[in-house]
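Residues per chain are reported as follows:
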Amino acid sequence: MDQGQLGSMLLKKYRCAHSVRTDKALYDYVQEIKAAKLRGSEPLNKVAFDSKLHVMAHALGTHTTVSRVQGSRLKAKREIRVATLFKDAPIEFLRMIAVHELAHLKERAHDKAFYQLCCHMEPEYHQIEFDLRLYLTHLDLGGTLDWPAGSLAKPSLPD
């Protein structure tokens with residue numbers, strides 16, 4: 001940071017932005033991770049980019065459960081929202097946020113079990129989270145990064 005190399009270091013490590021541009025594409029991407037890594041978890045009703053999430057002050061993404069009474073039953077709808085800032089970020093950052101929010105379907109608190117689940121879904125979770133925090137620090141210091149557009153190929157899922 002002191003040498004002004006943070007942006008170029010991130011661009012070298014994460015070469016291009018992902019191709020997930022719409023809420024539908026984001027929903028499909030998150031559902032694929034969920035199907036591969038969290039088969040028995042509760043269903044998701046909505047996954048969307050949210051321009052109202054202010055990353056620096058609040059969160060990278062959110063997970064909510066809205067419960068409604070329908071007749072004699074209680075229905076729960078689960079939603080994940082991702083800050084719009086991540087429309088133009090590397091797929092690794094988007095995947096890390098998706099994994100984090102998906103982990104909240106099983107583990108509510110940010111405890112040891114939560115982070116073990118995150119690492120199960122994305123083995124490089126902690127490194128990517130660290131790099132994402134560096135990216136946010138770079139932005140907070142007034143830097144910008146224009147990730148080159150990625151290929152139109154479907155982003156790969158974690159192993």
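Refer to the structure presented above.
This one's a predicted model, so the numbers in the text were calculated from it and none came from an experiment. (Residues numbered from 1 in each chain as written. Predicted model: local features only at pLDDT ≥ 70, side-chain atom pairs only at ≥ 80, totals over all residues. Heavy atoms only, no water.)

Engineer: How do you make sense of the nonpolar core when you look at a structure like this?
Structural biologist: Soluble globular proteins tend to pack their nonpolar side chains together in the buried interior. Membership of the largest hydrophobic core comes to 42 residues, with the highest contact counts inside it found for Phe86, Phe93, Leu102 and Trp147. For this core, the secondary-structure elements that each account for two or more residues are helix 1 (6–13), helix 2 (23–37), strand 1 (46–50), strand 3 (73–83), helix 3 (91–103), helix 4 (112–121) and helix 5 (125–140). No other element matches the nine residues that helix 3 contributes to this core. With near-sequence residues (within four places) excluded, phenylalanine 93 lies in contact with Tyr14, Phe86, Ile128, Asp131, Leu132, Tyr135 and Trp147. (Core = buried A, V, L, I, M, F, W, Y, C linked by side-chain atoms within 4.5 Å. Buried < 20%, exposed > 50% of the residue type's maximum accessible area, 1.4 Å probe, protein only. Helix = DSSP H or I, 4+ residues; strand = E, 2+ residues; numbered from the N terminus. Contact = heavy atoms within 4.5 Å.)

Engineer: Before we go on, may I ask you to explain helix 2 in this structure?
Structural biologist: The α-helix advances 3.6 residues per turn, and as a result positions three or four apart in sequence lie on the same side. Its 15 residues give helix 2 an end-to-end C-alpha distance of 21 Å, which sits within 8% of 21 Å, the value for a rise of 1.5 Å per residue. Residues Leu26, Tyr29, Val30, Ile33, Lys34 and Lys37 constitute the buried set of helix 2. Seen from one end, helix 2 has its buried residues packed into an arc of 135 degrees, which puts them on one side. Looking at the buried positions of helix 2, the neighbouring elements they touch are strand 1, strand 3, helix 3 and helix 4. (Expected span 1.5 Å × (residues − 1). Arc of directions from axis to C-beta.)

Engineer: Quick question: what am I supposed to make of the packing of aromatic side chains here?
Structural biologist: The relation between two aromatic rings is expressed through the spacing of the ring centres and the mutual angle of the planes. If you walk through the whole model with that rule in mind, you get six aromatic pairs. Taken together through their ring pairs, the aromatic side chains of Tyr14, Phe93, Tyr135 and Trp147 make up a single cluster. (Phe/Tyr/Trp six-rings, centres within 6.5 Å; stacked < 30°, edge-to-face > 60°.)

Engineer: Is there a simple way to explain the side chain of glutamate 122 in this structure?
Structural biologist: Mapping glutamate 122 onto the fold places it in the loop between helix 4 and helix 5. Among the residues examined, glutamate 122 registers a relative accessible area of 4% and is labelled buried. Among the polar contacts made by the side chain of glutamate 122, one reaches the main-chain amide nitrogen of glutamate 124 at a distance of 2.9 Å. (Polar contact = N/O pair within 3.5 Å; in protein donor to acceptor, adjacent residues only side chain to side chain.)

Engineer: Explain the state of the cysteines here, please?
Structural biologist: In a disulfide, the sulfur atoms of two cysteines are covalently bonded to one another. Applying the stated rule across the entire model yields zero disulfides. Summary of cysteine pairing: cysteine 118 is not part of a disulfide, and the nearest cysteine sulfur, belonging to cysteine 119, is at 6.8 Å. On the accessibility criterion, cysteine 119 (23% relative accessible area) is partly exposed. (Disulfide = S-S within 2.5 Å.)

Engineer: Just checking my understanding: could you explain the pattern of salt bridges for this structure?
Structural biologist: A side chain with one charge may pair with a side chain of the opposite charge, provided their charged atoms come close. Scanning the model with the defined rule gives seven salt bridges in all. Taking the shortest distance from any N to any O, the salt bridge between lysine 24 and aspartate 28 comes out at 3.0 Å. Of this pair, lysine 24 and aspartate 28 both sit in helix 2, separated by four residues, roughly a single helical turn. Taking relative accessible area as the criterion, lysine 24 reaches 54% and is therefore assigned exposed. Between glutamate 79 and arginine 81 there is a salt bridge, with the nearest N and O atoms lying 3.3 Å from each other. (Salt bridge = Lys/Arg side-chain N within 4 Å of Asp/Glu carboxyl O.)

Engineer: Quick question: what am I supposed to make of the environment of lysine 34 here?
Structural biologist: Looking at where lysine 34 falls in the secondary structure, it is placed in helix 2. In this structure lysine 34 comes out as buried when scored by relative accessible area, which is 9%. In the structure, lysine 34 is positioned 65 residues away from valine 99 in sequence and 8.4 Å away in space, judged by C-alpha atoms. Sequence-distant contacts of lysine 34, defined by excluding residues within four places in its chain, comprise Arg39, Ser41, Glu42, Pro43, Leu44, Leu102 and Leu105.

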